[in-house]
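# Structure at a glance
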Amino acid sequence: MVASSLFVPLLVLANAQEIIKIGDEEFTLKGDLVNLSYEVEHQVLEKGLTYYIFRFVSDGKSAPKPLEILWKHPLHHVVALWTPERESFEKPGLWRNRFRSRAPTNAPVVALFGHDNENRYTYACSDALNAVEMSAYVDEYSGSMKCGVGLFMEPQPLIEEYTLTLRIDKRNHKLVKTLSEVAQWWESLPGYRPSEVPGHARLPMYSTWYAFHQDLPVDEVVKQCEMAKQLGMESIIVDDGWQTIDSLSYWYVYTGDWKPVSIPDMKGFVDRVHGTGLKFLLWYSIPFMGLKAENFDRFKGKYLYHSDRHHASVLDPRFPEVRDYLITTFKNAIIDWDVDGFKLDFIDRMYPTEETVQEAISGRDYASVNEAIDRLMTDIMEELKRVKPNVMIEFRQAYIGPLMRKYGNMFRAGDCPNGAIENKVKVLDLRMISGNTAVHSDMIMWHRDEPVEAAALQLLNVLYSVPQVSVKLDEIHEPHKKMLAFWLSFWRDHQRTLLDGELMPYNPEMNYPMVSAETEEKKITTVYAGEKIIPGPTPGQAMFVVNATPGDKVLLKVEQKEKRARKALIYTVTGELIKEEKVALDKEFQEFRVPPSGLLHLTKLN
């Protein structure tokens, strides 16, 4: 490992710029640098992988002002840019990208990659707690990417010292490997260790949200549970609506008391769900206290701000009584109702504003909102695990950063109803930076009269995640039920390969037209667009090819020709075996006819 350091005390005018040449990079510090000194060290871990460690020391007399670390990287063999927060799944482009990461929102990483699915240049930050603004803009004059990391971009308390490690990876590894190693790096940092994942968090679930929204008739929901269990689901998430009888216009105006006003016998409801064989997860909004909630006056003076849109105020986690109230609320749901887990929502709404007091005074035991969020969420997980060790906690995108893996054990794709392609992109983006945290799809749904091959695409696009389903199962047509039963059975039979096998999501710039996961004994490839040439199996592997296209042509490229015959089985979208034959993979290209949303199974050589 090669290391060098540079120390420069700064006592310069506001809005100054300081240029730092160190290692292979030339950084510009831009912002209000008054009363700051800094030190930069670089460590070369191996060729192409470098850490740049920035240490800033303040005189402690004023809160830090926004500061940017800027630099350029030439765009060589770069096709697109990847971030954990794509503004549009349709446009993984290059020109202009900027997003903010903090404890409850996003992850501080940006990657440039090529047509060959390989990394060209990935940069990530060690601080996933505080607000870090990641940016990447094409410099039209030079053909370079203008990279940036913005610090102190939201109001925060006085600091004496701040350290940030910037991890730059130029190695030509597959993008999925590069991003997975970023996730492993975050895991290794103090205070970032992810929570363990219970087995049920890795099994298909039913959700009430798209099927019922806030109207939750108990008998109907229990009926869905009975059918969901028969189809291969193992848990239900009872979403928003159980805590209110006003589901018309004001959303969260009564939220915050967490009384089951629309389901008075919540314990009886949970028991009935358990009687169907399903686990029970319950939705809560962490920060909101509605204007008409009984507890609203109790917490006056303990809010960060008011949200007109939600008709609620946002609780300030820096007050210990706020944290105690939330922790006790969730813990009592386990003790009193025997719920098995939680969907915890809207944590990203906890943030400081310009009016936020930035001191630990007047009953606050933290000055920093982000540090208080970390304390709240860490304590929630620890306390709930004491009551129920296998408790499941789900967060939805974009609450998906490295610290969120400590607070929960399930990440769900952001809302994209009926959006098969967007759902696929979201779960695969999440898979690459989430380690062993269970990545779930957004709830799949479709119109009841949708052709079964088209309805199946909602599920086939999320095969490489844990599927969630949200349609009224007693109202869909029989072919749809057969389709769900077949593909959920396939998913369960091959869960370990789909979730734990070596993942290869091809061409993010094309929204992943082909994806595979494999072990030494099995390979599962799904084709989503066009007539892709599919890398075939090794002689020691069985292979499954899922045809998630409207055509029926499947073309394998055989790397290792075989003289002995395998058995080839072809299934329809609903699981009917329509062809069985023996084939020898003895040609470079092998063509099969597989119906849309159907399956090809090539057995393992004996």
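So, here's what we can say about the structure. (Residues numbered from 1 in each chain as written. Predicted model: local features only at pLDDT ≥ 70, side-chain atom pairs only at ≥ 80, totals over all residues. Heavy atoms only, no water.)

Counted under the stated rule, the structure contains 28 aromatic pairs. Ring geometry for tyrosine 51 versus tryptophan 185: centroids 5.7 Å apart, planes at 40°, classification tilted. Of the two residues, tyrosine 51 is situated in strand E5 (residues 49–58) and tryptophan 185 in helix H1 (residues 175–188); the sequence distance between them amounts to 134 residues. Its relative accessible area of 16% is what places tyrosine 51 among the buried residues. (Phe/Tyr/Trp six-rings, centres within 6.5 Å; stacked < 30°, edge-to-face > 60°. Helix = DSSP H or I, 4+ residues; strand = E, 2+ residues; numbered from the N terminus. Buried < 20%, exposed > 50% of the residue type's maximum accessible area, 1.4 Å probe, protein only.)

Bringing the layout of surface pockets into the picture now. Quantified by volume, the largest pocket comes out at close to 880 Å³. Surrounding the largest pocket, 37 residues form its lining, Asp348, Arg349, Arg396, Gln397 and Ala398 being those nearest its centre. When residues of the lining of the largest pocket are traced back to their parent elements, those giving at least two are strand E8 (96–101), strand E20 (341–345) and helix H8 (420–433). Counted by class, the lining of the largest pocket contains 12 nonpolar, six polar and 19 charged residues. (1 Å grid on protein atoms, 1.4 Å probe; cavity = no way out; pocket = protein on both sides within 12 Å on 5 of 7 lines; lining within 4 Å. Points joined across faces, edges and corners; volume = space filled by probe spheres on them. Nonpolar A, V, L, I, M, F, W, Y, C, P; charged D, E, K, R; others polar.)

Here helix H3 (residues 218–231) spans 20 Å end to end across 14 residues, near enough to the 20 Å set by a 1.5 Å rise per residue. Every buried residue belonging to H3 is among Val221, Val222, Gln224, Cys225, Met227, Ala228 and Leu231, and all of these are buried. Tucked into the core, H3 has its buried residues touching strand E14 (205–207), helix H2 (209–212), strand E15 (235–238), helix H4 (266–275) and helix H10 (478–493). Where H3 terminates, the next one or two residues include glycine 232, which has phi positive at roughly 115°. (Expected span 1.5 Å × (residues − 1). Contact = heavy atoms within 4.5 Å.)

Another aspect to go through is the sheet that holds strand E27 (residues 522–527). In a beta sheet, neighbouring strands pair by backbone hydrogen bonds and run either parallel or antiparallel. As summarised here, the arrangement of the seven strands in space is E25-E26-E27-E29-E34-E31-E32, forming an open sheet in which the pairing is mixed. Looking along the sheet, the strands with just one partner apiece sit at the ends: strand E25 (502–506) and strand E32 (577–584). In this sheet, adjacent strand axes meet at a mean angle of 15° when their direction is disregarded. Of the pairings in the sheet, the one linking strand E26 (residues 514–518) to E27 comprises five bridges and is antiparallel in character. Each bridged residue has a counterpart across the sheet, and for serine 516 the counterpart in E27 is threonine 525. The sheet strands contacting H10 are E27, strand E29 (542–547), strand E31 (565–571) and strand E34 (598–602), and the helix crosses E34 at an angle near 35°. (Pairing = 2+ DSSP bridges. Axes fitted to C-alpha atoms, helices over the stretch in contact; angles between N-to-C directions.)

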